Amino acid sequence: MTRLKAWALTPTALVFISWVIVLAVSQAMLGTVVTPQNLTTIVALSSTTIITGVGFTITMVAGVFDLSVGSAMMITGVVAGTLALKDVPLFLAMPSAVVLGAAIGATNAFLVTKLRINPIIATLGMLFALKGAGQLIGGGRGTQVLDPTFRFARDDFLGLPIPIFIMAVVVIVGHYLLAYTALGRRITAVGDNAVGAREVAINVERYRVYALIICGALAGLSGLIVTSILGATDAQQSVGREIDVATAAFLGGAALAGGRGSVIATSIAVLLLATLYNVFIQLNVRPEFVQVVSGALLVLAVAFNTRPSGGYK
Amino acid sequence: MTTRTVPATEQRSLAERFHISSSAVLVGIIVVEIIFFSAVQPAFLTATNLLNAARASSVMGIVAIGVTFGLISGAVDLSVASVLALSGVVGHTLLTSGVPGPIAVAGALVTGALFGLFNGIVTVRFRVNSLITTIGTLTIARGLAFGIADDAAPRSRDAFFNLFQTRLLGVPLAVLACGLLFLAGWYVLWYTRFGRYAYAIGDNSAAAWEAGLKVDRLRIGYLVLSGFLAGFAGWVLASMAATGNKGAAAGTELIVITAVLLGGVGFTGGSGSMSGTLIAVVLMGILVNGMSLMGLISTYQIIVIGLLLLVAMAAQTRRTGGWR
């Protein structure tokens, strides 16, 4: 019983319970939320946000931050699609999204660990620079990529959309990496107490670099999947996604000060947000007001999450 | 993410070694900008264009005054551009629903101040990092602007609301207002307690508290001022266009924060000056105007300014040791 009580107070459990409550209440109100088809839709739509969220959580645990993930998803997808359109072989064009994402992560890491720029501002600058660059490459209008291999993410496997499987692998590997490996422990140590980590001879900067590169690469993977689902390069896709990702990470208990955060909790928080948006759409709430709600949720999530620890001074 | 003091690396910048103030560097860059743009674009150095550039920059300048107060006190306000757009939309919507001009304007200003109050309460009372708070309110305000705005609304014909379409002695009123507000901002920041306390709090809020300052209330106050000035800038912009544009000033937060950081306000608070911000606003205004004249589309401009923000931050961290 006490173990159950202890579990119920972990961020993962709180987010999970909140999600169940949202599902139950909205099911009681609308009757169309908890159906196999609608739940599959919610999970499938969340899959790219979750994949990005895994990397985002890892950066937050390491005590850094990556606001550029939305723009990184866009530009990596646009680049992969453009390369495919230029008849670059797909076995090169598709992984290029992940490679470019990792390069973006490495650039963020350079700004943060070498130039010592506050990570929020550094990645905010990158957000705008990447957005501009992506729009230049992608042009004003999207171009269709018709190749069926490129559109792999539109297919089903065992009756479920393929992005769900990719997401599951990323979440499991990400959780294992963060919670059960030496790398994960060191990333946590670096974020929890950078001075202490330095004193036990952990190279703080190195693990922050790893975290940011992992985050960039996962954003690249998401960007590829989004482009594959759309079947077109689109310089508007995923722009602003960082708000949802950050909200989910904060809801899942990740702290801006570092050292805390769970891949599983972030993923469930993404599902919680996606369920809310799904309900709003069913209630015909205008998308502008959904945006208002997501901003409010971000502020609420951080306020809620920094209360016990004293937070930012 | 706390800032810790870093062992002095004794890396002095070139400017420091030759005893050149950072303002002089900025003025030097402005001169280079003017020479460059007038060489490549004959239309640049004309009275019409310079007045246009000044008019367009005045909105950015008014916002930058508030952001300077916020940043010196240690709070970053990224919500200003969205609050500006929302205030313009609120003012114009009130006007078209039959409210008299002055009250519609008051509505715009109150909207800005209320968003500042919200930013302040969340940041100070709930101890949320101001960057995150204002990224949240940035989203909220823009969403509300898009939700409220009526694209079919008629343009404003109210003389008071449209005040900033007029000129005084050939100078657009917006430019004069911006200049006066800079003067007032400089005076308040430098010669009043409210201003000096911003430095004290930004430099060391614990010491400021021990010295008896009402730190929480003051910190909220600086963010209210920032929101209020964003609301004012929203009125100025809506007034010049005779309509509230829901998409107005998108990305302006990037330009403003870059200007304020270039102007020498330290990212961690406690340093900076109003004159530095003014010079940097002029620099950014000329840059944006020149790039537009050269036919650089806004996406290129976003890239340039995004990179400039990183340069400004990197230059600062060379001085301060930066983020650890």
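Here the structure is a predicted model, which is why all the values come from computation and not from measurement.

As for the overall build of chain A
Then, in step 1: Counting secondary structure elements, chain A contains 13 helices and four strands.
Then, in step 2: What you see for chain A is a C-alpha radius of gyration of 19 Å, in line with the 20 Å of a compact globule of 313 residues.
Then, in step 3: Overall size of chain A, expressed as C-alpha extent along the three principal axes, is 55 × 55 × 35 Å.
Then, in step 4: The proportion of buried residues among the 313 residues of chain A is 57%.
Then, in step 5: Restricting to contacts in chain A with at least 6 residues of sequence separation, those with at least 24 account for 80%.

Notes on the overall build of chain B
Then, in step 1: What chain B contains, in helices and strands, is 13 helices and two strands.
Then, in step 2: The C-alpha atoms of chain B give 20 Å as radius of gyration, which agrees with the globular expectation for 324 residues (20 Å, within 12%).
Then, in step 3: Judged by the C-alpha coordinates and their principal axes, chain B covers about 60 × 50 × 35 Å.
Then, in step 4: Per-residue burial over chain B gives 53% buried out of 324 residues.
Then, in step 5: Taking the contacts inside chain B whose residues are at least 6 apart along the sequence as the reference set, 79% of them involve residues at least 24 apart.

Things to note about the interface of chain A and chain B
Then, in step 1: Taken together, the contacts link 40 residues of chain A with 38 residues of chain B.
Then, in step 2: Of all the elements in the fold, those that place two or more residues in the side of chain A that touches chain B are α6 (119-138) and α13 (287-306) of chain A.
Then, in step 3: Class assignment of the residues belonging to the side of chain A that touches chain B gives a composition of 23 nonpolar, twelve polar and five charged.

Remarks on helix α12 (residues 274-293) of chain B
Then, in step 1: The first and last C-alpha atoms of α12 of chain B sit 28 Å apart over 20 residues, in line with the 28 Å expected at 1.5 Å per residue.
Then, in step 2: Remark: Gly-295 of chain B follows α12 of chain B within two positions and exhibits a positive phi of approximately 85°.

Details of the packing of helix α8 (residues 193-203) of chain B against helix α10 (residues 215-241) of chain B
Residue and element names in this part refer to chain B.
Then, in step 1: At a closest axis distance of 10 Å, the pairing of α8 and α10 adopts a crossing angle of 110°. Between α8 and α10, the interaxial angle falls into the category roughly perpendicular. The chirality of how α8 crosses α10 is left-handed. Packed against α8, whose contacting residues are Tyr-197, Ala-198 and Ile-201, the element α10 presents Val-215, Leu-218, Arg-219 and Tyr-222 at the interface.

Some points on the packing of helix α7 (residues 162-180) of chain A against helix α8 (residues 182-192) of chain A
The description of two helices packed together rests on the angle between their axes and the distance between the axes.
Residue and element names in this part refer to chain A.
Then, in step 1: One way to put it is that α7 packs onto α8 with a least axis distance of 5 Å and a crossing angle of 65°. In this view, α7 runs roughly perpendicular relative to α8, as classed from their interaxial angle. Where α7 abuts α8, its residues Leu-177, Leu-178, Ala-179 and Tyr-180 lie against Leu-183, Gly-184 and Ile-187.

Description of unusual backbone geometry
Then, in step 1: Phi angles above zero are rare outside glycine, and Asp-87 of chain A is one such case at about 65°.
Then, in step 2: Its place among the elements puts Asp-87 of chain A in the loop between α4 (69-85) and α5 (90-114).

Considering the environment of Ser-273 of chain B
Residues and elements named next belong to chain B.
Then, in step 1: Along the chain, Ser-273 turns up in the loop between α11 (252-262) and α12.
Then, in step 2: Given 19 C-beta atoms within a 10 Å radius, Ser-273 is considered partly exposed.
Then, in step 3: Expressed as a C-alpha distance, the spacing of Ser-273 and Leu-189, which sit 84 residues apart in the sequence, is 8.0 Å.

A look at the environment of Val-281 of chain B
All names here are of chain B.
Then, in step 1: Of note, Val-281 is situated in helix α12.
Then, in step 2: Sequence separation between Val-281 and Ser-226 is 55 residues, and the spatial gap between their C-alpha atoms is 16 Å.
Then, in step 3: Aside from chain neighbours lying at most four places away, what touches Val-281 is Ser-57, Met-60, Gly-61, Ala-64 and Ala-259.

Quick word on the nonpolar core
Then, in step 1: Of all hydrophobic cores here, the largest spans 211 residues; its most connected members are Ile-62, Val-63, Leu-84, Ala-233, Val-236, Val-256 and Val-260 of chain B.
Then, in step 2: With 17 residues, α10 of chain B is the single largest residue contributor to this core.

A short note on the confidence of the model for chain B
Then, in step 1: A residue-level look at chain B finds 91% of positions with pLDDT of 70 or above and a mean pLDDT of 87.
Then, in step 2: Across the interfaces of the predicted complex, the ipTM metric reaches 0.78, alongside a pTM of 0.85.

Focus on the environment of Ile-220 of chain B
Then, in step 1: As for its position among the elements, Ile-220 of chain B is in helix α10.
Then, in step 2: Residue contacts for Ile-220 of chain B: discarding those within four places in its chain leaves Leu-117, Gly-120, Ile-121 and Val-124 of chain B.

Structural notes on α11 of chain B
All names here are of chain B.
Then, in step 1: In terms of burial, α11 is a largely internal element, eleven of the eleven residues being buried.
Then, in step 2: Turning to α11, its buried residues number three or more, namely Thr-252, Glu-253, Leu-254, Ile-255, Val-256, Ile-257, Thr-258, Ala-259, Val-260, Leu-261 and Leu-262.
Then, in step 3: One or two residues past the end of α11 sits Gly-264, with phi positive at roughly 105°.

Quick notes on the rules
Residues numbered from 1 in each chain as written. Chains lettered and ligands numbered in written order. Predicted model: local features only at pLDDT ≥ 70, side-chain atom pairs only at ≥ 80, totals over all residues. Helix = DSSP H or I, 4+ residues; strand = E, 2+ residues; numbered from the N terminus. Rg over C-alpha atoms; globule rule 2.2 N^0.38 Å. Buried ≥ 20, exposed ≤ 12 C-beta atoms within 10 Å, placed from the backbone. Contact = placed C-beta atoms within 7 Å. Nonpolar A, V, L, I, M, F, W, Y, C, P; charged D, E, K, R; others polar. Expected span 1.5 Å × (residues − 1). Axes fitted to C-alpha atoms, helices over the stretch in contact; angles between N-to-C directions. Parallel < 35°, antiparallel > 145°, perpendicular 65-115°, else oblique. Left-handed = near helix turned anticlockwise from the far one by under 90°. Core = buried A, V, L, I, M, F, W, Y, C linked by C-beta atoms within 7 Å. pLDDT = per-residue confidence, 0-100.

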